[in-house]
Structure formats: C-alpha cells, structure tokens
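Observations on the three-dimensional arrangement
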Amino acid sequence: MKKVVTYIMKMAVLLVVLLLFHGCSYYRAERNFAEALDAMSKGDFELAEKYARDGEFVNPKDRKSRMILAWALYKQSEFEKAQRIFSGILAENKKSIGGAQGMAWVLYIKEDYEGAENWFKREKDWAVAYMASSLWKELEHTESKYIESIASDGYYGLGLIKAAQKDYGAAIKYFEKSTRYTSSFTSKSNIWYALADAQYFSRNYRIAAQYYILGLDGMENPEAVKRLFICMMETGEGLDSLKVFERGLLTAVDRRPFLYGIALNAYMDGDAALFSERMRVLAEIDPYYGDTIYIRGAIKGKKALAGLVRDFAKAYFRIGDFKGAHGKIKEYKQLEISDCEMDRLEAWCVLESGLHKEAFEIFKELSKRKGCKKDDILVGGATALIGMGRTERAGEILLKIQRHHPDNIRAKFTLAGLAYMEKDYNSAIGIYSPLLENFSEKEKYFSWVSRGIMNLGWSYMSVGQYEKALTIFSHAYGLHNNPGYPEIYEGLGWSNYYLRKKAASKQAFDAALTLDPDRPSARRGLESANRIDLNRTR
C-alpha cells in the first residue's frame, strides 16, 4: 500500500511539473511571437526571424510563429524557404488564408503568375464572401480591418499580375477595387502608384497624374515623380503637383525629383526665373538627373535660357565628364554668345580627350583675345605641349607663369609633373610638397590634383622615403569617396611592401587587381608581397 501511495505522489508531482512546463512553454512562445511581430513592424526582419525561430523551437505546433518566420524569410528574399513553410501551413489547414496570402506573394515574386493568381483569388473571394455574410456586422474593429486588408491585398495582387501581363485595363479595375478597402499590408500610396502606372501605360496621362499626386502625398518615390513629369508634359498641365513637390523638397532625402518638378511647373507657368534657379541647383547636385529631353527641349535655342546650358556645361566639367561638358559647350556656342570661359573649358575638354595638338591651337587662339583668363590659358597650352612631347618649350612657359602669376597652383603642379616625367624626383618633391596642404576636400574624379599627389608619392618612393610615400598615397586615398582607382591601391601596396607590412601590402595589391585584373605592376607587387620574410630586417 505504501508503494502505491508513493507512486501516486510521484505521478502527481510529475503532472504538476508537466503542467508548469507546458505553461512556461506557452508563455515563452507567446512572448517570442509578440517580439517577432514587433520586429516585423519595425522592419528588422533578421530579428523577427530569430524570435519566430525561438517560438517555433519552444512550441513546434505554434502556427503563428511559423507564419511570422515565413514572412520574415520572404522579406529577406529567402523565397524558397518561405514557400516551404507556407506550403506546410496549407497542408495542415487548406483553408488557411494566411498561408494562401503567403503563397500568392511568393509565386508572384517568382513570376509564376498563374499559380499566384489562384491564391490571390482565394484571398479576395474569402474576404468578399465574409463581408457579404451576416457575421460581418458582428465583428470587432480589428477583425473587420483584417478582412478588409485581405480583400485589398487580393485585388492588389491580381492587379499587379494583370499589369505584369500588360493587361492594363483589367489591372486598373483590380487596383480601383483595392483602394476601396483599408489595408494593413500595403500602404495606400503603393496602391495609388500601381494604379497611376496602369493609367500611365494606358496613356491616360491626366488620370495617371492625379493618382501619382495622391501617392506622393504619402511618401516619396522618385520613379513616380519622373512619370508625373511626363504626364505634365503630355497634358501641358501642372495640375496640383506643385504643392507635392514643394513639400517633398522640405522633407525628402533625395531632393532631385522635387527640384525638377518645381522647375517643370515653373516652366509651364512661364516663370523663367524660377525655372532657371531650380534647374541651376539641380545641375549642381546632379547634372545627369536634370539633363533630360524635356529640359533640352525647353531651353534649346533660347538665348534667354543660355545660362542654364552654361551651368550644365560647368557641372559636367566639375565631375570630370569632359565629353558631356563639351556637348553642352557646343550647344551653348550655337547661340552665338561670345564667352571666354566656355571657350577655355572647351579647350580643356579637348585636351582631356587626348587631342593635344587641337587643344594647343585653341589655347593659342584664346591667348590672343582680350579679357580672357591668360594664366589658365597658358597653363593649358603648356600642358598640351607636354602631351605633344615639346617639354622644353612647356617648361619655359610654366616658369614664365610662375614669375607673373606665383599663386597659380595648377601651373606649379604642371611644372612639378614635368620634373617628375624627367625623373628629377627631388625637384618634383620640392614643388609638390608645399602645395599639399591646399588639397583636403573630396575629389569628384581623378583630377589633375590626384595625378599630382600620386606623382609626389612615387617621387618619395623613388628616393627611398617609403614612410612619406605611404602618407601621400593614404592622402590620395582619402580624397575619394569609395575610391575606385587601382593606381592608388598600387601605390599603397608598394609603399607598404618596402616598409615590410606584408598584410597591408597584399590587401592593397588585391584591391588594385580587383579593379584592374590586367595590371602587371600590381600583379608583380602581390607576388613580391607573398615572398616577404617578416623575420628578416631591411
């Protein structure tokens, strides 16, 4: 009897422990689900995946955690993994609307439009049937909002499929139905954009513009702004877009589309001053963005707007796009405006394209004109002569500039470059090094400044001053955002090599070869760096 009582007591204790464990597991699963849901709402999909996996581990039958896990994977573009989980959920419950929604979006992303369409229809039909039933009026707000969201999602997905198939008429009908419902899954702005695009590709520009404006009232979308421009050009109307552009200009990280929009509105309203002012700012930020067929059409042949053409030419020149700058200069010169600065920039563009003799002739003609910036013209002519191999004459001109214009830094750089070419490294160092403190701002491209600084680095290398060479190449590296110039890495590689810094040397040579695999000097440098014996002194 005593053994029976003892056994019953043990079983009772075990039952209590199991109940407590089950309760704790349930609590932990619910807590992990809540954390995963919160991470999803904040866009931290990796964290959401972690919490969802923790919840699934604690309670493998917790379908909510698995659903969150599938969506977290989907948001990280792990579509195959997400599809397997959604399929598993549907295998357990064929009526799972969450599973149907997940499968619809995975198949849509994979461009399986036929499969996706069936699941989107299931979503839509379920929600529409529920809203038509007698149960609809009895639902709480959160429940009714979820069902509306499913309806909106189903119609939106069906619209996207029809748009992908270029059936814009059917897409418009689906998108219009999607906008009738509140959605927790897709922002209203994205649905407006999709509807606007369908109208746009159907050439209904006035209607498309109205929907783009509705979308832009909620969030910025540069592609939508560009299409709104085209709608405005096609209709000849600014509509209500100006307020959207002005508000976007104050809040957007990327100001370009909104500057463009305001400029285009100003042009349509005949406000040439505002048009020019906004386009000038846009050219400063990014001439490629502003220089479109619409703007070219607006300013072509108009002397009153010649200043804009000039501004674009200077903007291209500043970023080292000499071909683009030269094209704008030619366009500007067609207006028959006498302008020394544009003629001088044209000569530099020709020179940068490698046409040394042609550039020299232009500089020579400019040197005869009054009112032009004489010292810059002479520097250009000397640089052209160096390219033509007439280094002695170039040196004479540069020394003359030094006497009359001692503050012309480019002339000094060119003179130092000439010394470097002639392997007079000490003279090159003597001219370059005092000028270095003038250059600390970021470079837009690998300009004459960068070339001069690299020459200084190699000059130090040639006279055995490797620490100074490393400092100079590091300075050249710092002048460029995300430097993509193999010559800089090569300089870092060789200076580190001679300082016996094996890891740094190899890393630099690897970077140079990644950018230019056919660079022989970098290849030799990497092979040499691999042979460095760190135990041997120099």
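Since the structure is predicted, the reported quantities are computational estimates derived from the model, not experimental observations.

Right, let's talk about the nonpolar core for a bit. If you look at the biggest cluster of nonpolar residues, it comprises 129 residues, and the most contacted ones within it are Tyr212 and Phe275. Leave out the neighbours within four places in its chain, and phenylalanine 275 touches Ala263, Ala266, Tyr267, Ile295, Ala298, Ile299, Leu305 and Leu308. Core analysis: the second largest hydrophobic core is formed by 35 residues, Tyr432, Leu436, Met461 and Ala476 among them.

To continue, consider helix H29 (residues 520-530). Turning to H29, its buried residues are Ser521, Ala522, Gly525, Leu526, Ser528 and Ala529. End-on, the buried residues of H29 take up no more than an arc of 165°, which puts them together on one face. Of the surrounding elements, those touching the buried residues of H29 are helix H27 (486-498) and helix H28 (502-515).

Checked against the element boundaries, histidine 480 lands in the loop between helix H26 (466-478) and H27. Residue contacts for histidine 480: discarding those within four places in its chain leaves Lys442, Glu443, Tyr445, Phe446, Ser450, Tyr485 and Ile488.

Scanning all chains against the criterion turns up 29 salt bridges. Residue lysine 42 is joined to aspartate 38 by a salt bridge in which the shortest nitrogen-to-oxygen separation is 3.1 Å. It is possible to trace a salt-bridge network through shared partners that takes in Asp291, Arg296, Lys328 and Glu331.

Glancing now at helix H24 (residues 425-432). Among the residues of H24, Ala428, Ile429 and Tyr432 are the ones counted as buried. Across the axial projection of H24, the buried residues extend over an arc of 100°, all falling on one side. Of the surrounding elements, those touching the buried residues of H24 are helix H23 (409-421) and helix H25 (448-462).

If you check the backbone angles, lysine 166 has positive phi at about 65° while not being a glycine. You can see lysine 166 is positioned in the loop between helix H7 (141-164) and helix H8 (168-178). Judged by relative accessible area, lysine 166 falls into the exposed class, the value being 62%.

Turning to the packing of helix H19 (residues 340-352) against helix H20 (residues 356-366), a few remarks are in order. Two elements in contact, H19 and H20, have axes separated by 8 Å at closest approach and are oriented at 160°. Relative to H20, the element H19 is oriented roughly antiparallel. Judged by the twist between their axes, the crossing of H19 over H20 is left-handed. Listed contacts from H20 to Asp343, Arg344, Ala347, Trp348, Val350 and Leu351 of H19 are His356, Glu358, Ala359, Ile362, Phe363 and Leu366. Its residues assigned to classes, the contact of H19 with H20 comprises 8 nonpolar, 1 polar and 3 charged.

What follows is about the state of the cysteines. All told, the structure shown has 1 disulfide when counted by the stated rule. In this model cysteine 340 forms its disulfide with cysteine 372; the gap between the sulfur atoms is 1.7 Å. Taking the sign of the S-S torsion, -45° for the link of cysteine 340 and cysteine 372, the bridge is left-handed. Of this pair, cysteine 340 sits in helix H19 while cysteine 372 is found in the loop between H20 and helix H21 (374-387), placing the two residues 32 residues apart along the sequence. Taking the relative accessible area as the measure of exposure, cysteine 372 reaches 11% and is therefore buried.

Right, let's talk about the packing of aromatic side chains for a bit. Per the stated rule, a full pass over the model turns up 37 aromatic pairs. Relative to tyrosine 113, the ring of tyrosine 108 lies with its centre 5.9 Å away and its plane at 45°, an arrangement referred to as tilted. Judged by centre distance (6.0 Å) and plane angle (85°), the rings of phenylalanine 439 and tryptophan 448 are edge-to-face. Among the aromatic side chains, those forming a connected cluster through ring pairs are Trp105, Tyr108, Tyr113, Phe120, Tyr156 and Phe175. One Lys or Arg, arginine 390, reaches over the ring of phenylalanine 360 and ends 5.9 Å from the middle of that ring. Cation over ring: arginine 410 sits above tryptophan 348, and NZ or CZ is 3.9 Å from the ring centre.

Of the residues in the chain, 90% reach a pLDDT of 70 or more, and the chain-wide mean stands at 85. When mean pLDDT is taken per element in the chain, H8 scores highest with 95 and helix H1 (residues 2-41) scores lowest with 55. The low-confidence segment residues 10-24 (pLDDT under 50) makes 0 contacts with residues lying over four places distant or belonging to another chain.

Reading guide: rules and limits
Residues numbered from 1 in each chain as written. Predicted model: local features only at pLDDT ≥ 70, side-chain atom pairs only at ≥ 80, totals over all residues. Heavy atoms only, no water. Core = buried A, V, L, I, M, F, W, Y, C linked by side-chain atoms within 4.5 Å. Buried < 20%, exposed > 50% of the residue type's maximum accessible area, 1.4 Å probe, protein only. Contact = heavy atoms within 4.5 Å. Helix = DSSP H or I, 4+ residues; strand = E, 2+ residues; numbered from the N terminus. Arc of directions from axis to C-beta. Salt bridge = Lys/Arg side-chain N within 4 Å of Asp/Glu carboxyl O. Axes fitted to C-alpha atoms, helices over the stretch in contact; angles between N-to-C directions. Parallel < 35°, antiparallel > 145°, perpendicular 65-115°, else oblique. Left-handed = near helix turned anticlockwise from the far one by under 90°. Nonpolar A, V, L, I, M, F, W, Y, C, P; charged D, E, K, R; others polar. Disulfide = S-S within 2.5 Å. Phe/Tyr/Trp six-rings, centres within 6.5 Å; stacked < 30°, edge-to-face > 60°. Lys NZ or Arg CZ within 6 Å of the ring centre and 35° of its normal. pLDDT = per-residue confidence, 0-100.

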